[in-house]
Amino acid sequence: MNMLLDGFIAPLDDFLAASVRTATPLALAALGECVTERSGVINIGLEGSIICGALAATIAAGSVGVSVGFAAGLTAGLLVTVLFALFTVYLRADQIITGTAITLLSLGLTGLLYKSVYGSTGVGLTTPTTSAVEVPLLSSIPLVGRALFAQPLVTYALYLLVPAMAWWFFRTHGGLALRAVGESPDAAMAAGVQPRRVQALAVLFGGAMAGLAGATLVLAQSGTFVENMSAGKGFIAIAIVVLGRWTPFGVAGAALLFGAASALQYLFQSLGWNAVPYQLFLVLPYVLTLIVLARASGRTAAPAALARRELTLG
Amino acid sequence: MNATFALFRLAYRNAIACVAVAAIALSTAACGGSADTDGVGAQNGSFKVALLTPGPITDQAWNAGAYAGLVAIKDSLGASISHIQTRTPAEFEENFRQYGAQGYALVIGHGFEFQDAAMRVAPDYPNTVFVCTSGNTTGPNLAGMNFAFEEASYQAGMIAGQLTKTGTIGAIGGQELPPVRASFIAFERGAKLTNPDVNVLVSYLGTWDDVSAGKEQTLAQVARGADIVFQNADAAGLGIFAAARERNVLTFGANANQNDIAPEHIIGSVYIDLPKALMSVARDVQGGTFTSTIYQFGLRANVVSLVINPRLADRIPPALLARVDSVGNAIREGRFSEMNDVLQPADRRQDSAAGTP
């Protein structure tokens, strides 16, 4: 009996820990995008911020240290979105086209920079990484303790960020202004809010968070940089925002779900359960997103002015 | 009047913005991640060789080896070379056509996945030779190049089978391509030769780029008891090495000699001497001796080999090493039939002698 229990608990423990690890960078990027989208801007260039954050983190961590690496990743992600904010918020260019261009630009640019810094065939880098920090007491809670409380510090920052963001969204003037701009820029303007400024700040925040997600991929997980290592995580983050219904807690939960789907796939393959193709688990969260979208078609939670090019209807 | 002007201004600004961003993006993508043309090389541009890789040439593995081969072709044969990194099958075909139209003599699609596109494009450019590595189809100007990766994978399996302390070993691949699957089967059989009770876990990542997926998949296998993990995942393989360091398990390098990437954890590399293989085909094309065939490169041609990491060599008992070598000799002499059903049919033909027409 005990053996049977062990045989079940041990994989579950690993699975939960892997879920949280995989979800962390996704949640960071998605929370940032959540703020951006609440202001009425959809940033498809998120992938670009992630990959730039990853490269900047790699270079900075290798030459200075891990904490500087995180700061560098955040800054790089932010700088990428300066370009995006300039074109979409101030010049009112099409958000989808600009975002796509920024993603392509970043994937190309990081490859170019990586080769110019480390040579044309790369080096198989090993960068310093943060190790997991166990929270005393909490980490010894059965089952979920180690999964939730034996993680790198950046994950704990996320635990604080989610409730803080929820409070800010729905309980402060700043949050109200943000949501107002995303729903009706005209009304916001009439109430004395400057929509462009709000949108620009929201876009920059999203970029910084995506850059932090990229830094996490390198400094808290893989310990190396590889071209295209963002591997579509920016786009997954956008899906997570939809699934999370544009609320911080919803987004965090959706990110965990996406992380869990990946972890489940790792677990099943390692258990040798190959009867079900692994691809099925990878599409699972997307199917869920579609279902949520379809169910909510009548009463959408999306900001009304999302992706709108003209700021005012006048 | 005012409204028209505003509209005009809006349209004008948008057009400028979109064009500007798109232009920057495309130009950077063209010279950065995607393509670098080293248009030096041959005078008169007589002998032009192009390489398409499915991933970045900074992967320290499959793609890096091919790029080294391309550079060798430039240096030794005086060719002018071009490399492009491609992503999707639609791009494969488009790039093949581009090179065909530009009069390239030899275009190499680096991987099994390029084969369908090459088959479609080859008839339209009869003066260009298209070669797909790991390909198994031929046409008048289309050749395949088969690496018997399985042979050295079998040897790696023999070592893993005997060295495992837990009795469980793993294998992790990028995408489930036939050559990858075949090499894992060979690895498993090799392991069962030295350890009939060994348990082999096989996982695929579904990607060649996602390092964190590589790491997580390895952690999952290690959690299930694997203490040696074989891999064939290109850039994502770097994540497998990261996990091996973190959990102190052993692993193997693949495609290139990766022993130095994690010198304390890589027992050896299943090495493909891609420069040697690509050079021999390029020589045939340049010398006019190209015939449509499937080039066979394995242990016998000394293109595929298992390169033991000297720093961990003392972990392999001499008797095991002798056994591995004797299997290697049997393969070279064509006396080894354990894998006949695994290898693709063409594999059973004799190895081409690398470097001779």
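Rules and cut-offs
Residues numbered from 1 in each chain as written. Chains lettered and ligands numbered in written order. Predicted model: local features only at pLDDT ≥ 70, side-chain atom pairs only at ≥ 80, totals over all residues. Heavy atoms only, no water. Helix = DSSP H or I, 4+ residues; strand = E, 2+ residues; numbered from the N terminus. Buried < 20%, exposed > 50% of the residue type's maximum accessible area, 1.4 Å probe, protein only. Contact = heavy atoms within 4.5 Å. pLDDT = per-residue confidence, 0-100. Salt bridge = Lys/Arg side-chain N within 4 Å of Asp/Glu carboxyl O. Pairing = 2+ DSSP bridges. Phe/Tyr/Trp six-rings, centres within 6.5 Å; stacked < 30°, edge-to-face > 60°. Patch = residues over 30% accessible without salt bridge, like charges linked within 9 Å, V, L, I, M, F, W, Y side chains within 5 Å. Areas by Shrake-Rupley, 256 points an atom, 1.4 Å probe, with all protein chains shown as cover. Axes fitted to C-alpha atoms, helices over the stretch in contact; angles between N-to-C directions. Parallel < 35°, antiparallel > 145°, perpendicular 65-115°, else oblique. Left-handed = near helix turned anticlockwise from the far one by under 90°.

## With respect to the overall build of chain B
A tally of regular secondary structure across chain B gives 10 helices and 13 strands. Each of the 357 residues in chain B was classed as buried or not, and the buried ones make up 60%. For chain B, restricting intrachain contacts to residue pairs at least 6 apart in sequence, the fraction spanning at least 24 positions comes to 70%.

## Things to note about the confidence of the model for chain B
This prediction gives chain B a mean pLDDT of 84; 83% of its residues lie at or above 70. Taken together, the stretch residues 15-19 of chain B has pLDDT below 50 and engages in six contacts with residues farther than four places along the chain or on a different chain.

## Section: the pattern of salt bridges
All names here are of chain B. Under the criterion given, the structure shown has 13 salt bridges over all chains. Here lysine 215 makes a salt bridge to glutamate 246, at a shortest N to O gap of 2.6 Å. Residue lysine 215 is found in helix H7 (residues 211-223), and its partner glutamate 246 is found in helix H8 (residues 237-247); the two are separated by 31 residues along the sequence. As a salt-bridge pair, glutamate 246 and arginine 247 come within 3.6 Å of each other at their nearest N and O atoms. Shared partners join several salt bridges into a network, and the residues in it are Glu93, Arg97, Arg120 and Asp124.

## What about the side chain of Gln221(B)?
Structurally, Gln221(B) can be placed in helix H7. Judged by relative accessible area, Gln221(B) falls into the buried class, the value being 0%. Look past the residues within four positions of Gln221(B) in its chain and what remains in contact with it is Ser270(A), Gly170(B), Ala171(B), Ile172(B), Leu201(B), Val202(B), Ser203(B), Ala226(B) and Val229(B).

## Observations regarding the environment of Ile96(A)
Residues and elements named next belong to chain A. Position of isoleucine 96 among the secondary structure elements: in helix H4 (residues 95-118). With a relative accessible area of 39%, isoleucine 96 lands in the partly exposed category. With 52 residues separating them along the chain, isoleucine 96 and isoleucine 44 place their C-alpha atoms 6.2 Å apart. When residues no more than four places from it in sequence are discounted, the contact partners of isoleucine 96 are Ile42 and Ile44.

## Remarks on the pairing of strand S6 (residues 142-147) of chain B
All names here are of chain B. Counted residue by residue, S6 has six buried out of six residues, so it is predominantly covered. Of the two faces of S6, the one carrying Leu142, Gly144 and Asn146 and the one carrying Ala143, Met145 and Phe147 are both buried. Bridge count for strand S5 (residues 129-133) against S6 is four bridges, and the pairing is parallel. Across the sheet, the residue bridging to threonine 133 is methionine 145, located in S6. Bridge count between S6 and strand S12 (residues 294-297): four bridges; the pairing is parallel. Residue pairing across strands places glycine 144 opposite isoleucine 294, the latter belonging to S12.

## Concerning the packing of aromatic side chains
All names here are of chain A. Taken as a whole, this structure holds 19 aromatic pairs over all chains when the rule is applied. With a centroid separation of 6.1 Å and an interplanar angle of 50°, the aromatic rings of tryptophan 168 and phenylalanine 169 are classed as tilted. Relative accessible area serves as the criterion here: at 33%, tryptophan 168 is assigned to the partly exposed category. The class of phenylalanine 169 is buried, set by a relative accessible area of 0%.

## Concerning a nonpolar patch on the surface
Residue and element names in this part refer to chain A. A surface patch of nonpolar side chains, amounting to about 470 Å² of accessible area, comprises Val276, Leu280, Val283, Tyr286, Val287 and Ile291. Position of valine 276 among the secondary structure elements: in the loop between helix H11 (248-270) and helix H12 (278-295). Overall, the relative accessible area of 35% leaves valine 276 in the partly exposed class.

## Regarding the confidence of the model for chain A
Residues and elements named next belong to chain A. With 92% of its residues at a pLDDT of 70 or more, chain A shows a mean pLDDT of 87. When pLDDT is averaged over each helix and strand of chain A, the minimum, 74, is found for H12 and the maximum, 95, for helix H9 (residues 195-222). Low confidence marks residues 1-5, where pLDDT is under 50. Its contacts with residues over four positions away, or in another chain, come to zero contacts.

## Brief notes about helix H10 (residues 233-243) of chain A
All names here are of chain A. The element H10 is extensively covered by neighbouring structure, given that 10 of its 11 residues are classed as buried. Taken together, the buried positions of H10 are Lys233, Gly234, Ile236, Ala237, Ile238, Ala239, Ile240, Val241, Val242 and Leu243. Taken from the residues just after H10, arginine 245 is the one with a positive phi, measuring 55°.

## Focus: the packing of H9(A) against H7(B)
Following both chains from N to C, one finds H9(A) and H7(B) inclined at 25°, their axes separated by 10 Å at the closest point. Overall, the two elements H9(A) and H7(B) adopt an arrangement that is roughly parallel. Along this stretch, H9(A) crosses H7(B), giving a crossing that reads as left-handed. From H9(A), Leu217(A), Gln221(A) and Ser222(A) reach across to H7(B), where they touch Val211(B), Ser212(B) and Lys215(B).

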